[in-house]
Amino acid sequence: NALPAGEPTPAANDQTYTVDNLEPSVTSFTLKTPATSPTNADTLTFLATFSDPVAGVDIADFVNNSTSTATVTGVSLVTPSTYDVTISGGDLAGFNGTVNLNLSGTPFITDLAGNALPAGEPTPAANDQTYTMDNTVPSVTSFTLKTPATSPTNADTLTFLATFSEDVTGVATADFAKNPTSTATVTGVSLVTPSTYDVTI
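Computed from a predicted structure; not experimentally measured. (Residues numbered from 1 in each chain as written. Predicted model: local features only at pLDDT ≥ 70, side-chain atom pairs only at ≥ 80, totals over all residues. Heavy atoms only, no water.)

K.L.:
Looking at this model, I keep getting lost on the overall build of the protein chain. Mind explaining?
P.N.:
The helix and strand tally for the protein chain stands at zero helices and 13 strands. Starting at the N terminus, the α and β elements of the protein chain follow one another as β-β-β-β-β-β-β-β-β-β-β-β-β. The C-alpha radius of gyration of the protein chain comes to 29 Å, more than 25% above the 17 Å expected for a compact globule of 201 residues. When its C-alpha atoms are laid out on the principal axes, the protein chain stretches across 120 × 35 × 25 Å. Considering the protein chain as a whole, with its 201 residues, one finds that 29% of them fall into the buried category. For the protein chain, the share of sequence-separated contacts (at least 6 apart) that also reach a separation of at least 24 residues comes to 61%. Accessible surface, the protein chain: about 12,100 Å² in total, of which carbon and sulfur atoms supply 55%. (Helix = DSSP H or I, 4+ residues; strand = E, 2+ residues; numbered from the N terminus. Rg over C-alpha atoms; globule rule 2.2 N^0.38 Å. Buried < 20%, exposed > 50% of the residue type's maximum accessible area, 1.4 Å probe, protein only. Contact = heavy atoms within 4.5 Å. Areas by Shrake-Rupley, 256 points an atom, 1.4 Å probe, with all protein chains shown as cover.)

This is the structure we're talking about:
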């Protein structure tokens, strides 16, 4: 009996190979926890995103590329193509400077077909985000007369310009006190610039 023309039935019996010889790549290292920079956090988490689902992802595949002595201390799966990569320890709690995540010189990551991930950073550069670490305590650099601009005065409302060493937030009337020999109170605080505030008595 001759074999009739046609494919196996049902279709599930007609299997095929999907050939994948393309190397995977890192598409981005983005800030995750904390979500903003600058920061004084003692633990930094980047989201590493790959072009394909990958396997073999481990802490040895990444390095902290900065002058900080912090190291990559954790890697966890988010999806098959995204991983959380944590940097902590070392001098991070007191470090001032930039911290960014890099691939190690010899990553052992592969895609599901076994193609090795080449060493290299995400492109464009905007996809390779960094944390700016700020562990320096801000200070008040001056309280200067503003309104009126001269002393002595008989004005019923006095405004001082409070100047800080860097940009600050959370500034409110409760942060200031007046001279204890007067019963006047601090009645207003208003932003002039992120590092200067008008304080009214």
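K.L.:
Mind showing me how you'd approach the sheet that holds strand E12 (residues 188-193) here?
P.N.:
In a beta sheet, neighbouring strands are held together by backbone hydrogen bonds and run either parallel or antiparallel to one another. Pairing within the open sheet is antiparallel, and its four strands lie in the order E10-E11-E13-E12. Of all the strands in the sheet, just strand E10 (140-147) and E12 have a single pairing partner and so form its edges. The sheet shows a mean angle of 25° between the axes of neighbouring strands, taken without regard to direction. Here five bridges tie strand E11 (residues 159-164) to strand E13 (residues 196-200), and the two strands are oriented antiparallel to one another. The residue of E13 that forms the bridge with Ala162 is Tyr197. (Pairing = 2+ DSSP bridges. Axes fitted to C-alpha atoms, helices over the stretch in contact; angles between N-to-C directions.)

K.L.:
I keep staring at the pattern of salt bridges and nothing clicks. Help me out?
P.N.:
Summed over the entire model, instances satisfying the criterion amount to two salt bridges. With a closest N to O distance of 2.9 Å, Lys146 and Asp198 form a salt bridge. Of the two residues, Lys146 is situated in strand E10 and Asp198 in strand E13; the sequence distance between them amounts to 52 residues. Since its relative accessible area comes to 34%, Lys146 is described here as partly exposed. (Salt bridge = Lys/Arg side-chain N within 4 Å of Asp/Glu carboxyl O.)

K.L.:
Help me understand the nonpolar core in this model?
P.N.:
Nonpolar side chains tend to gather and get buried jointly when the protein is soluble and globular. Residues Phe50, Phe62 and Leu101 are the most contacted members of the largest nonpolar core, which totals 24 residues. Residue assignment for this core shows that the elements contributing at least two residues are strand E1 (26-33), strand E2 (43-50), strand E6 (82-88), strand E7 (97-103) and strand E9 (130-133). In contact with Leu101, other than residues within four places in its own chain, are Phe29, Phe46, Phe62, Val63, Val72, Val85, Ile87, Glu121 and Asp128. Core analysis: the next-biggest nonpolar cluster, separate from the first, contains seven residues, Ala162, Phe176, Val186 and Tyr197 among them. (Core = buried A, V, L, I, M, F, W, Y, C linked by side-chain atoms within 4.5 Å.)

K.L.:
Where do I start with unusual backbone geometry in this structure?
P.N.:
Only a minority of non-glycine residues have a phi that is not negative, and only a minority of peptide bonds are not trans. For the peptide bond that leads from Thr33 to Pro34, omega is -5°, which places it in the cis range. Following the sequence through the fold, Pro34 ends up in the loop between E1 and E2. The omega torsion of the bond from Thr147 to Pro148 falls at -5°, within 30 degrees of zero and hence cis.

K.L.:
Could you clarify how one ought to interpret the pairing of strand E5 (residues 71-79) in this entry?
P.N.:
Both faces of the sheet carry side chains from a regular strand, because those side chains alternate between them. Of the strand pairs in this sheet, E5 and E6 are connected by seven bridges, and their pairing is antiparallel. Within the sheet, the bridge partner assigned to Val72 lies in E6 and is Ile87. The hairpin formed by E5 and E6 contains two residues between the paired strands.

K.L.:
Help me understand the packing of aromatic side chains, please; the structure alone is not making it clear to me.
P.N.:
Each aromatic ring pair is characterised by the separation of its centres together with the angle its planes make. Tallying each qualifying case throughout the model produces five aromatic pairs. When the centroid spacing of 6.1 Å and the interplanar angle of 70° are considered together, the rings of Phe143 and Phe176 count as edge-to-face. Of this pair, Phe143 sits in strand E10 while Phe176 sits in the loop between E11 and E12, placing them 33 residues apart in sequence. (Phe/Tyr/Trp six-rings, centres within 6.5 Å; stacked < 30°, edge-to-face > 60°.)

K.L.:
What's the story with the sheet that holds E2 in this structure? I'm lost.
P.N.:
Spatially, the four strands line up as an open sheet ordered E1-E2-E6-E5, and their pairing is antiparallel. Each end of this open sheet is capped by a strand with a single partner; those strands are E1 and E5. Here the strands of the sheet are splayed against their neighbours by 25° on average, with no regard to which way each runs.

What is shown is where atoms sit, not what they do.
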